[in-house]
Structure formats: structure tokens, C-alpha cells
Amino acid sequence: APPEGGGPPPNPAATAAVSRPAPSTGSLADRLSNAMGGAFSKKGSKRDKDPRTQDKQNRRLSVSGIAQGPQGDSNTTGTVTDKGQNEYLRFSALSNAGYEPDGHKKTNQDAFISFVEFGEPAVSVFGVFDGHGACGHHVSAYVRREIPRILDKELLKAESASARPNIDSVAKHFISVFERVNNALEADKSIDSSLSGTTAVSGIVLGRAGNRKIITANAGDSRIIIGYEEGGQLKAKELSEDQKPDLECERQRILKCGGRVEPLIDENGEPIGPHRVWLPNMMLPGLAMARSIGDDIAATVGVHATPEIKVHDLTERDKFMVVASDGVWEFLSSEDVVEIVKGCAGDADRACQEICARSYREWRAEEEVVDDITAVVIYFTKV
């Protein structure tokens with residue numbers, strides 16, 4: 001049975017610090033060639049003989065460069081937790097490394113941010129970053145550090161205090177933050193982001209009581225949802241959309257940039273798993289999302305870091321928010337997660353543990369591997 005929290009035993013040394021890999025060397029062609037060495041070494045599903053589960057196979061986010069990153073990095077393995085509260089909300093966060101059947105310790109490529117007070121009590125910032133590729137954990141840790149550094153606390157504080165906050169200004173700033181982080185990462189030669197990247201989904205909660213809003217920014221397929229009450233029932237509302245390559249608007253952009261959107265094809269000519277982004281004449285990079293931070297090679301064929309922005313006005317009906325990585329959403333629907341949180345009777349710690357444990361069980365039932373699993377649960381106490 002999996003340990004409580006849905007992953008391996010906690011690692012006391014686990015933190016969110018960034019440990020830099022050695023700068024990459026060699027030409028782009030050399031790096032692509034090295035990446036191709038592990039391009040198709042996918043793990044098989046426990047149920048891979050059942051045609052009904054063919055679409056659940058090969059869940060790696062990047063077909064190329066999927067080899068595990070540097071070993072012995074105590075900053076990116078094991079379990080990371082956080083919790084906090086103020087007069088407006090309370091939260092708990094849990095991030096667990098996944099599982100590899102070969103006995104090696106799995107590096108946790110997920111990262112998160114959780115600022116219950118970002119410069120002032122009425123502004124909170126949360127986010128989840130799901131890294132992928134050989135340097136995915138370095139990319140997600142970089143983004144975890146840089147987004148809060150670039151976010152303008154004074155702007156958010158001013159708009160939070162305003163009776164009529166300029167949400168367009170906040171949204172434009174949020175977009176620029178994602179793009180600036182992406183550009184800085186590309187220029188940072190200490191992290192090879194050619195075939196590594198991260199999803200990024202973040203929510204800013206701001207405003208005084210009676211005038212509070214959530215502004216979300218999303219690039220990739222991590223997700224933010226709200227659990228709200230309607231007719232005596234708790235329901236789910238998604239505050240982000242999973243940006244998969246086969247979404248028509250995303251697909252058209254990639255095709256116009258010269259890329260291909262299609263699933264991986266096995267030796268028998270059968271499609272395996274989700275649609276992915278490919279270069280026109282190479283089986284690279286195989287990215288299973290249409291937007292991300294990093295992924296420089298995929299960016300040449302239309303994958304970009306510009307986030308989609310959504311705005312939600314908080315009301316008394318809104319009870320909680322969940323921010324989670326694809327390790328949760330791969331097998332659990334938004335409605336499933338709302339039901340799990342509902343059963344935890346307002347206990348944010350327990351809600352995170354139950355979400356992660358349930359996700360872990362689903363992965364073990366369906367796959368030989370388990371993805372990294374991260375969940376942040378935020379209860380609203382004053383809206």
C-alpha cells in the first residue's frame with residue numbers, strides 16, 4: 001500500500017531550492033542525438049494488452065530527453081509540504097515524487113509556490129509547475145523562484161485596495177511575467193531547456209472582502225479549479241483549460257509554424273497515447289502539451305509560454321480552490337477532486353493527502369510508473 005500522501009516516504013532534506021546542473025556542452029545536433037538515445041524507452045502499462053486502455057499508455061510528457069536528471073540532488077527528491085493562513089484564506093500544499101519500477105529514487109520534477117500574503121494580507125499567490133525532460137526539475141525550480149521575484153507587489157497591492165481594480169492591467173502583467181521568465185530561462189546557459197520545460201499554472205487572489213477576485217494564468221496542462229456550492233451540492237468550475245496539442249486553436253498554431261500534431265506510432269503502426277508536438281522531419285520533441293515554459297526546440301514549431309488568463313469573481317458560494325499538477329488530473333476529474341475535498345470536512349492537510357493518495361493508487365493500478373503528484377488546497381474564509 002502506498003504511504004500516506006500517495007508517494008514515497010518524506011525526505012527531510014527536500015526543499016524548493018534550485019540546484020544548478022553543469023552547463024550543457026556540444027552542438028544542438030549532439031544534444032538532440034543524446035536525447036534520442038532514450039526517446040522510445042517508454043514504460044508499458046500494466047493493462048497494455050487491453051485495447052480499451054491504449055490511450056492511457058506512454059504518459060511521459062516529453063518523448064525525448066526523458067532520462068532522469070542528475071542523481072543525489074537532495075533538493076528535488078522526496079516530499080515537500082507547506083501550509084499557512086490569514087484572515088482571508090488557509091491552505092495546505094503537498095508535493096510527492098513519483099515512482100519508477102527500476103528501483104532508482106525518482107526525482108520530483110514538480111514545484112509549487114504558496115504565498116498566503118504576497119506583499120500584503122489581501123493578496124495571495126499560488127502556483128504549480130510540472131517539469132518534464134532530463135532537466136525538468138531544474139526548469140520547474142527556476143520558474144518557482146523567478147515568477148514571485150518578477151511579480152509586481154506594488155501593482156497587486158494597489159489593485160487589491162481599489163474599489164474598481166484594473167484587472168486588465170493585472171492580466172497583462174501576469175502574461176508578461178510568464179514571458180519574461182521564459183526568455184530569461186532560454187538565455188540562462190546553466191540550464192539546458194532545449195528539450196526540457198515545465199507547465200505553469202498560477203492564481204492570484206486579491207481584493208478586500210466583498211470585492212475579491214482570482215486571476216489565473218496557465219501554460220500547459222496543470223489545472224486550477226474552484227469548488228462552489230449550488231442547490232445544496234458542491235460542484236467544480238475549472239479556472240484553466242488544459243492546453244493539449246489537439247485542441248483546434250493550439251493545433252492550428254503549431255501547424256502554421258511547421259510542426260506536426262499526432263500521437264506516437266508503435267512498431268505495428270498503431271497510435272499510442274495522446275497527441276504530441278513534433279518537428280516536421282524528426283521524431284522530436286514529442287511534447288504532449290501546446291504551451292510551456294522552456295522547451296526551446298518545441299518553441300520553433302509553435303509551442304509558447306504565453307499563458308491563457310481567466311478571471312473569477314469570488315462569492316459566498318465559493319468554498320475552496322485546488323491547484324494541482326497533471327499527476328492528479330491524469331486519472332481524476334475536476335469533479336472527483338471536489339468530492340475528495342468535500343469528504344475532508346474543511347481539513348486542508350487531509351484534503352491534500354487524500355488527493356495525492358488517491359492519485360497514487362490510480363497510477364499504480366494503471367501504469368508501471370507513477371508521475372510526480374502535487375496538490376495545493378485553499379479554503380476561502382472571507383470573500
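What you see is a predicted model; the values in this text were computed from it and never measured.

A. Seen up close, the overall build of the protein chain. Assigned secondary structure in the protein chain consists of nine helices and 16 strands. Going through the 383 residues of the protein chain one by one, you find that 55% of them count as buried. Relative to all contacts within the protein chain whose residues are 6 or more apart in sequence, the contacts with residues 24 or more apart total 70%. Accessible area for the protein chain stands at about 15500 Å²; split by element, carbon and sulfur atoms hold 48% of it.

B. Spatial organisation of the sheet that holds strand β12 (residues 285-287). Ordered by their spatial adjacency, three strands build an open sheet running β10-β11-β12, and the pairing between neighbours is antiparallel. Of all the strands in the sheet, just β10 (260-265) and β12 have a single pairing partner and so form its edges. Direction aside, neighbouring strands of the sheet carry axes that sit 50° apart on average. Taken strand by strand, helix α5 (residues 248-256) contacts β10 and β11 (271-278), and its axis lies near 100° from that of β10.

C. Region of interest: the side chain of Glu146. Residue placement: Glu146 occurs in helix α2 (residues 136-150). At 2.7 Å, the side chain of Glu146 and the side chain of Arg149 are in polar contact.

D. Examining the nonpolar core more closely. With 29 residues, the main nonpolar core has Ile147, Leu151, Phe178, Val181, Ile204 and Ile293 as its most contacted residues. Listing elements by their share of this core, those giving two or more residues are β3 (110-115), β4 (123-132), α2, α4 (167-187), β6 (200-206) and β7 (213-219). Looking at this core, the element that brings in the most residues is α4, giving seven residues. Those residues in contact with Phe178 that sit more than four places away from it in its chain are Ile147, Ala200, Ser202, Ala217, Ala219, Ile293, Ala305 and Pro307. Counting 26 residues, the second-largest nonpolar core is a separate cluster that includes Leu94, Ala324, Val328 and Ile340.

E. The packing of aromatic side chains, seen in detail. Applying the stated criterion across every chain, the model contains five aromatic pairs. Ring geometry for Phe115 and Phe118: centres 5.4 Å apart, planes at 70°, overall edge-to-face. Classification of Phe115 by relative accessible area gives partly exposed; the value is 31%. By relative accessible area, Phe118 is classed as buried at 2%. Over the ring of Phe118 we find Lys153; its NZ or CZ atom is 5.0 Å from the centre of that ring. For Arg364, the ring lying beneath its charged end belongs to Tyr99, and the centroid distance is 4.2 Å.

About the thresholds
Residues numbered from 1 in each chain as written. Predicted model: local features only at pLDDT ≥ 70, side-chain atom pairs only at ≥ 80, totals over all residues. Heavy atoms only, no water. Helix = DSSP H or I, 4+ residues; strand = E, 2+ residues; numbered from the N terminus. Buried < 20%, exposed > 50% of the residue type's maximum accessible area, 1.4 Å probe, protein only. Contact = heavy atoms within 4.5 Å. Areas by Shrake-Rupley, 256 points an atom, 1.4 Å probe, with all protein chains shown as cover. Pairing = 2+ DSSP bridges. Axes fitted to C-alpha atoms, helices over the stretch in contact; angles between N-to-C directions. Polar contact = N/O pair within 3.5 Å; in protein donor to acceptor, adjacent residues only side chain to side chain. Core = buried A, V, L, I, M, F, W, Y, C linked by side-chain atoms within 4.5 Å. Phe/Tyr/Trp six-rings, centres within 6.5 Å; stacked < 30°, edge-to-face > 60°. Lys NZ or Arg CZ within 6 Å of the ring centre and 35° of its normal.

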